[in-house]
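The chain contents come next:
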Amino acid sequence: MGMIENELKLHIEMARAKHLKAMIEINKAAAPKWHKLRHLNSAVREKRVFIAFVGRIPAGFLVWTKDFYSHYFIDLVVVHPKMRRHGVAVGMIRAMENFCPGNKLFSSTNRSNKAMQSVFLRTGFTKSGFIANLDKGNPEWIYYKKVADRPTASKPRSKPSRKRKGKRSKRK
């Protein structure tokens, strides 16, 4: 990889308080009507946000919860308008898939948001249903993806069996 390609490489990490200013700027550029600083602050504090960088430039962020019937739910995906169509949303969703314990991941978008529907289809999500009456005439489509089953912190791990020295197991 050349020097320029390396500088433009997509990098995703857990967001920290120092990233809030960049996330607010991305949010204002991408969705000026949606701005909930309290929501972002608590999500960052609770370590429920990924931030994506293209090189050293903040490009987008993803917020999730575990409140959807005790499953992980991507609550918000925001990409700066000048960074769209560069794999930022897909990269953040892949990071969430790798992070997500359990085997189910959900998200949603409005029927009118064709760009996000396309991202969900490209990342292997399927439509799972819809919720009417949130936005008048614009139902919220629920998406689901089966992800690799990973143990969760609440699941007990089995202890490895200990073999005694000097004794061999019998083979049949």
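Quick caveat: nothing in here was measured; it's all calculated off a predicted structure.

*Asks:* Even after reading the chapter, I still don't get helix α4 (residues 88-99), so can you show me in this structure?
*Replies:* In an α-helix there are 3.6 residues to a turn, and that puts residues three or four apart on one side. Here α4 is 12 residues long and its end C-alpha atoms lie 17 Å apart, about the 16 Å a rise of 1.5 Å per residue gives. Among all positions of α4, only Val88, Ala89, Gly91, Met92, Ile93, Ala95, Met96 and Glu97 are buried.

*Asks:* Honestly, helix α5 (residues 114-122) in this entry has me stumped. Any pointers?
*Replies:* Turning to α5, its buried residues number three or more, namely Met116, Gln117, Val119 and Phe120. All buried residues of α5 fall inside an arc of 155° around its axis, so they share one side. Counted as exposed and oriented over 90 degrees from the buried face of α5: Lys114, Leu121 and Arg122. At the C-terminal side of α5, Gly124 shows a positive phi close to 90°.

*Asks:* Explanation requested: unusual backbone geometry in the structure shown.
*Replies:* Comment: phi is negative for the bulk of residues other than glycine, and the bulk of peptide bonds are trans. At Lys47, a residue that is not glycine, the phi angle is positive and equals roughly 55°. Structurally, Lys47 is set in the loop between α3 (37-45) and β2 (49-54). In this structure, Tyr69 takes a positive phi of about 55° despite not being glycine. Within the secondary structure, Tyr69 sits in the loop between β3 (57-68) and β4 (71-79). Looking at Tyr69, the relative accessible area reads 69%, which means it is exposed.

*Asks:* Help me understand the pattern of salt bridges, please; the structure alone is not making it clear to me.
*Replies:* One side chain can pair with another of opposite charge once the charged atoms of both are near each other. Summed over all chains, the structure comprises four salt bridges. Note that Glu46 and Arg48 form a salt bridge whose closest N and O atoms lie 2.7 Å from each other. A salt bridge links Glu97 to Arg94; the nearest nitrogen and oxygen atoms lie 3.4 Å apart. Highlighted residues: Glu97 and Arg94, both in helix α4, separated by three residues, approximately one helical turn. Residue classification places Glu97 among the buried residues on the basis of a relative accessible area of 9%.

What counts and how
- Residues numbered from 1 in each chain as written.
- Predicted model: local features only at pLDDT ≥ 70, side-chain atom pairs only at ≥ 80, totals over all residues.
- Heavy atoms only, no water.
- Helix = DSSP H or I, 4+ residues; strand = E, 2+ residues; numbered from the N terminus.
- Expected span 1.5 Å × (residues − 1).
- Buried < 20%, exposed > 50% of the residue type's maximum accessible area, 1.4 Å probe, protein only.
- Arc of directions from axis to C-beta.
- Salt bridge = Lys/Arg side-chain N within 4 Å of Asp/Glu carboxyl O.

In short, shape yes, function no, at least from these values alone.
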